[in-house]
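# Results of the structural survey
Take a look at the letters that make up each chain.
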Amino acid sequence: MLGFLKAIITRFQGVRQQAVALVANWLANNRWLLDSRFLTLAKEAYAKNSVVYACIRLLATSVPEPPLRAYQGQGENKDSIRLPENHPLVRLIRNPNPMITEYEFWELTTIHVCLTGRSTWLKQRNNMGEIIALWPLRSDRVGP
């Protein structure tokens, strides 16, 4: 009788293990097959999957629509004042670099954040150390 119960329990455990496995046994320890590079994500997720593409495009075109306003002050403080249009930060936001517009800059930033979880920018400075341009970079090409 005890041998019979052991056989049933062993058989049940084997079935349970097969039902829980989501990855084939020969793939279980092969993390090298998972690719998280930007180009692969862009080709496989963004370009081939229409649902992913539609969601990211909706976000990318919606984020830059409202105008970005720059304020000087502390958080939710009522003493915050809006920066004038000729302030260097406002000019930088309006014209991030000579190649793209503000809208395209925020659109590209949103796409990078959606695909890789981060967006990196190169701050171009003049001889006096002032930031004169922001250049979005591919996240997979930048490291610590």
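Residues numbered from 1 in each chain as written. Predicted model: local features only at pLDDT ≥ 70, side-chain atom pairs only at ≥ 80, totals over all residues. Heavy atoms only, no water.

### Focus on the pattern of salt bridges
Applying the stated criterion to the full structure yields 4 salt bridges. A salt bridge links arginine 57 to glutamate 107; the shortest N-O distance between them is 2.8 Å. Residue arginine 57 is located in helix H3 (residues 50-62), and its partner glutamate 107 is located in helix H5 (residues 102-116); the two are separated by 50 residues in the primary sequence. When the shortest N-O distance is used, the salt bridge between arginine 94 and glutamate 85 registers 3.8 Å. Arginine 94 sits in the partly exposed class, given a relative accessible area of 30%. Looking at glutamate 85, the relative accessible area reads 46%, which means it is partly exposed. By sharing partners, the salt bridges in this structure join Arg82, Glu85, Arg94 and Glu102 into a single network. (Salt bridge = Lys/Arg side-chain N within 4 Å of Asp/Glu carboxyl O. Helix = DSSP H or I, 4+ residues; strand = E, 2+ residues; numbered from the N terminus. Buried < 20%, exposed > 50% of the residue type's maximum accessible area, 1.4 Å probe, protein only.)

### As for the pairing of strand E4 (residues 131-137)
As judged from the 6 bridges shared by strand E3 (residues 120-125) and E4, these two strands associate in the antiparallel manner. Paired with leucine 122 across the strands is tryptophan 135, a residue of E4. Where E3 hands over to E4, the hairpin turn is made up of 5 residues, of which glycine 129 adopts a positive phi near 90°. (Pairing = 2+ DSSP bridges.)

### Topic: H5
When the terminal C-alpha atoms of H5 are compared, their 21 Å separation across 15 residues agrees well with the 21 Å that a helix rising 1.5 Å per residue should span. Those residues of H5 that sit buried are Glu102, Phe105, Trp106, Glu107, Thr109, Thr110, Ile111, His112 and Leu115. (Expected span 1.5 Å × (residues − 1).)

### Quick notes on the side chain of glutamate 102
Of note, glutamate 102 is situated in helix H5. If near-sequence neighbours (up to four positions away) are discounted, glutamate 102 is found in contact with Leu68, Ile93, Arg94 and Pro96. (Contact = heavy atoms within 4.5 Å.)

Take it as geometry only, folks, not as evidence of what the structure does.
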